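# Chain and residue survey
Take a look at the letters that make up each chain.
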Amino acid sequence: MTAAILTTDESAGGHQQSDGPNHAGQDISTGSGLRLRGRIPLSVGIAFTVLAIVLAWSLFPDLFTSRNPAAGVPNRKFTSPGLNYWLGTDHLGRDLLARIIHGSASSMTSALIAVTIGVVVGGLMGLVGGYLGGWIDAVLGRVVDVLLAIPSFLLAVIVVTALGYDTRNAAIATGLSAVAVFARLMRSSVLQVRTSVFIEAARVNGGSGIYILFRHILPNAVRPVLSLAVLQFGLAILTIAGLAFLGYGDPPPASDWGLLVADGREHLLHAPWLVIAPGLVIAIVVLAVSRISRWLDQGRNQ
Amino acid sequence: MSATLSTAESKERLTPVRSGNRSPARRYSTYALRRVAESVLVVLLAYVLVFLVLAAIPGDPVSSQLDNPQNGYNDEEKAQIRSFYGLDQPILVQLALALGNFLRGDLGISLSMSLPVGDLIGTALPSTLVLAGTALVLALLISLALGYLSQRLPTGAANTSVRFLPTVFLSTPNFLIGLILIQVFAVQLRLFNVIDPNGLGSTLFAALTLAIPVSAQIAQVFITALDETAAQDYTEVAVSRGLRPGAVILRHLIRPSLLPTVTVCGLAVGELLGGSLITETIFGRNGIGTVVQKAVSAQDIPVLQATVVFSAVVFVLVNLAIDLIYPLLDPRLRSKEKAA
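As the structure is a prediction and not an experimental result, all values here were calculated from the model.

### Some thoughts on the overall build of chain B
Along chain B, the regular secondary structure elements total 14 helices and zero strands. Written out in order from the N terminus, the α and β elements of chain B read α-α-α-α-α-α-α-α-α-α-α-α-α-α. Across the 340 residues of chain B, 49% fall into the buried class. If you take every contact in chain B between residues at least 6 apart in sequence, the share linking residues at least 24 apart comes to 74%. Counting only carbon and sulfur atoms, one obtains 64% of the accessible surface of chain B, whose full area is about 16200 Å².

Below, the structure written as structure tokens:
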């Protein structure tokens with residue numbers, strides 16, 4: 001079973017595409033951690049810019065909009081996007097752009113929480129299982145199989161139901177539904193590193209198990225896990241938005257991106273921008289994140 | 001270079017039994033038995049895991065109805081009703097009882113609708129099967145087209161766009177895709193009617209909504225496999241023999257690239273089942289996803305338990321089938337077995 005479902009959608013997304021031959025020769029690997037590059041591709045530059053803007057929105061929303069996201073001007077309701085209201089207004093006359101900007105902190109934080117849970121819990125499971133092997137590995141492997149067998153969105157839905165509906169819990173649920181993917185990748189990465197000559201050398205030198213695990217194996221095995229984490233950040237935004245769309249996140253007047261789409265759905269016929277604008281913001285951010293993940297990932301497989 | 005996890009690991013999977021001296025048939029049956037046993041174990045553990053998660057839900061509709069003073073139950077009646085649903089037992093006893101019933105095929109009784117859960121699933125299943133099946137076919141067609149174009153188009157903007165498309169598909173929330181399809185094709189172009197969710201047009205567009213993210217996953221693996229096959233010597237030989245590019249792709253590239261693609265299709269089943277939740281909501285279909293959603297809002301634990309485990313069973317069965325067929329499909333493994 002372990003081998004059977006070893007490739008998940010998520011990890012598959014991150015490791016496949018090479019960026020074509022044009023960038024191949026320019027990478028300079030520094031062995032561990034970050035790589036230096038001759039030049040950053042234009043699309044990666046754009047992706048970083050998108051992330052920087054959203055990060056700035058989350059940290060300093062008031063710098064980008066002076067309008068109140070929660071209070072509307074009733075006689076301005078359903079204004080189409082234009083010079084005054086760039087992305088239009090909703091059924092209460094609230095500025096959609098202001099709502100998106102003020103919702104970005106919650107959307108970004110929850111994705112961060114989700115990925116942190118996935119990396120820490122899944123990473124530890126993979127690290128311990130891969131390093132110790134034996135029955136511990138077998139038990140952890142079965143847990144991973146079970147987590148993978150349950151469709152991850154369904155898993156997130158029942159976990160958030162058990163925890164209670166709010167955005168924080170939706171983030172935790174999303175993180176738990178991604179644990180298995182991280183555990184598996186970390187395990188296979190540890191297995192690769194474990195047989196290296198320098199690990200043997202460390203052991204001959206008398207290094208203790210724990211010392212070798214954290215000093216030698218973890219730093220060398222963590223690289224692919226980190227680029228998966230970037231990719232998962234994007235997927236977590238999608239899952240959390242999906243949960244918010246179904247009403248399992250914070251209730252209105254919160255303005256999480258998924259919730260904005262759900263709110264706009266009732267007015268799709270006469271005010272389609274209420275759905276399209278927040279939906280596109282989600283898509284663009286996730287696209288930017290996956291571009292960066294792919295960029296980080298290149299070279300590892302070359 | 002960009003060797004996928006799937007290829008590396010499917011190779012590991014192709015040599016399931018280590019001992020070399022037994023006959024191929026015996027080795028295969030050992031492998032098959034082990035895979036079946038593993039699958040059964042995973043389903044049972046999934047049942048336990050889901051049960052424990054759902055046990056953490058505070059309250060249930062039975063208790064909230066019972067404790068409502070307007071219903072006027074006295075303590076004896078309350079205790080009777082609780083014991084009918086098994087709610088008076090300790091959690092581990094409840095788990096053992098439920099697991100025993102599950103093994104006998106009894107999924108319990110819905111708390112909110114007083115119907116056997118099996119009937120609920122049975123009624124909702126055809127709609128979801130039609131949706132997921134159509135979506136899978138559409139996803140395969142889309143990925144085949146993207147894969148073909150990725151090899152056929154010369155290096156340049158068009159080729160880059162084809163290769164970029166799966167990432168775009170994967171990054172777009174599927175509720176956005178669904179709502180845009182409704183807005184454009186139902187409202188503007190009037191190609192289908194949203195009022196009739198089971199009509200041909202509605203079903204096709206709902207399936208397309210579900211298919212787009214799934215096709216992205218399949219296409220990514222397929223294109224990588226095609227690229228790897230394209231780098232093989234025999235492909236170069238075929239080209240140098242003067243075979244037309246289209247013929248090379250159809251005859252020499254696609255067939256060997258299908259195996260990793262089959263694996264990823266199995267994994268996509270989970271995506272189809274999970275995605276049906278949102279798709280069915282948007283298109284107003286009554287399927288398993290809708291049952292899950294209603295059960296979530298009613299805190300109907302037996303229904304949630306059954307539907308989630310049911311999804312896991314489907315996922316495990318499909319992947320078991322793929323794993324069992326896989327060694328039979330791959331001629332490389334057959335020749336390896338002859339050699340051994």
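After that view, the rundown keeps rolling.
### Here's the deal with the UniProt feature "domain: ABC transmembrane type-1" (unreviewed entry) in chain A
Sequence positions flagged by UniProt for "domain: ABC transmembrane type-1" (unreviewed entry) are, in local numbering, residues 104-293 of chain A. Helix makes up 84% of residues 104-293 of chain A and strand 0%, whereas the separation of the span's terminal C-alpha atoms amounts to 20 Å.

### Focus: the UniProt feature "transmembrane region" (unreviewed entry) in chain B
Here, the residues flagged by UniProt with the feature "transmembrane region" (unreviewed entry) are residues 36-57, 129-149, 169-192, 204-226 and 308-329 of chain B. Annotation note: span residues 169-192 of chain B, helix share 75%, strand share 0%, distance between end C-alpha atoms 23 Å.

### Here's the deal with the packing of helix 11 (residues 245-283) of chain B against helix 13 (residues 301-329) of chain B
Residues and elements named next belong to chain B. Where helix 11 contacts helix 13, the axes come no closer than 9 Å and their chain directions differ by 175°. Relative to helix 13, the element helix 11 lies roughly antiparallel. The residues of helix 13 that touch helix 11, namely those facing L259, P260, V262, T263, G266, L267, V269, G270 and L273, are S311, V314, F315, V318, N319, I322, Y326 and L329.

### Regarding the domain arrangement of chain B
Residue and element names in this part refer to chain B. According to the domain assignment, chain B contains domain 1 (29-110) and domain 2 (116-337). Centre-to-centre, using C-alpha coordinates, domain 1 lies 33 Å away from domain 2. At the interface, 22 residues of domain 1 touch 24 residues of domain 2. It is L54, L107 and S110 in domain 1 that bury the most area against domain 2; as a group they hold 28% of the surface buried on that side. Run the count over domain 1 and domain 2 and you get one salt bridge.

### Quick look at the environment of V239 of chain B
All names here are of chain B. With respect to the helices and strands, the residue V239 is situated in helix 10 (residues 233-240). Judged by relative accessible area, which is 49%, V239 ranks as partly exposed. Residues V239 and H252, spaced 13 residues apart in sequence, show a C-alpha to C-alpha distance of 10.0 Å.

### So, a nonpolar patch on the surface
All names here are of chain A. On the surface, a cluster of nonpolar side chains totalling about 560 Å² of accessible area is made up of L55, L59, F60, L63 and F64. Here L55 lies in helix 2 (residues 42-59). A relative accessible area of 48% places L55 in the partly exposed class.

### Comments concerning the confidence of the model for chain B
For any part of a model where pLDDT is low, the fine detail of the predicted coordinates should not be relied upon. The predicted model of chain B averages 82 in pLDDT, with 86% of residues at 70 or higher. Helix 6 (residues 117-152) of chain B holds the highest mean pLDDT among the elements of chain B, 92, whereas helix 1 (residues 5-14) of chain B holds the lowest, 42.

### Observations concerning the UniProt feature "domain: ABC transmembrane type-1" (unreviewed entry) in chain B
UniProt feature "domain: ABC transmembrane type-1" (unreviewed entry): in the numbering of this structure it lies at residues 125-326 of chain B. Across residues 125-326 of chain B one finds 86% helix and 0% strand; the C-alpha atoms that close the span lie 28 Å apart.

### Here's the deal with the side chain of R285 of chain B
All names here are of chain B. You can see R285 is positioned in the loop between helix 11 and helix 12 (288-298). Of the side chains bearing the opposite charge, E280 lies closest to the buried R285, which forms no salt bridge; the N-O distance is 5.3 Å. Residues contacting R285, with those up to four places away along its chain left out, are S127, V130, L131, P197, N198, T203, A206, E280 and T290.

### A word on the UniProt feature "transmembrane region" (unreviewed entry) in chain A
Residue and element names in this part refer to chain A. Look at the UniProt record and you will see "transmembrane region" (unreviewed entry) annotated at residues 40-60, 111-132, 144-164, 225-248 and 268-290. Secondary structure across residues 40-60 divides into 86% helix and 0% strand, with the first and last C-alpha atoms of the span separated by 28 Å. A helix fraction of 78% and a strand fraction of 0% characterise residues 268-290, whose end C-alpha atoms lie 29 Å from each other.

### Describing the pattern of salt bridges
For the coordinates displayed, the defined rule picks out six salt bridges over all chains. Of the charged contacts in the structure, one is a salt bridge between D145 of chain A and R142 of chain A, with a shortest N-O distance of 3.2 Å. Residue D145 of chain A and its partner R142 of chain A are located together in helix 5 (residues 134-149), separated by three residues, close to a single helical turn. In this structure, D145 of chain A and R142 of chain A share a single accessibility class: buried. In this structure, E38 of chain B engages R35 of chain B in a salt bridge whose closest nitrogen and oxygen atoms are separated by 3.4 Å. Here the residue E38 of chain B and the residue R35 of chain B both occupy positions in helix 2 (residues 24-55), the gap between them amounting to three residues, near one helical turn. Residue R35 of chain B is classed as buried on the basis of its relative accessible area of 2%.

The rules behind these values
- Residues numbered from 1 in each chain as written.
- Chains lettered and ligands numbered in written order.
- Predicted model: local features only at pLDDT ≥ 70, side-chain atom pairs only at ≥ 80, totals over all residues.
- Heavy atoms only, no water.
- Helix = DSSP H or I, 4+ residues; strand = E, 2+ residues; numbered from the N terminus.
- Buried < 20%, exposed > 50% of the residue type's maximum accessible area, 1.4 Å probe, protein only.
- Contact = heavy atoms within 4.5 Å.
- Areas by Shrake-Rupley, 256 points an atom, 1.4 Å probe, with all protein chains shown as cover.
- UniProt positions renumbered as here; feature names shortened; annotations may be inferred.
- Axes fitted to C-alpha atoms, helices over the stretch in contact; angles between N-to-C directions.
- Parallel < 35°, antiparallel > 145°, perpendicular 65-115°, else oblique.
- Domains from an automatic or database assignment.
- Buried area = accessible area lost by both parts, 1.4 Å probe.
- Salt bridge = Lys/Arg side-chain N within 4 Å of Asp/Glu carboxyl O.
- Patch = residues over 30% accessible without salt bridge, like charges linked within 9 Å, V, L, I, M, F, W, Y side chains within 5 Å.
- pLDDT = per-residue confidence, 0-100.
- Lys, Arg positive; Asp, Glu negative; His and termini not counted.

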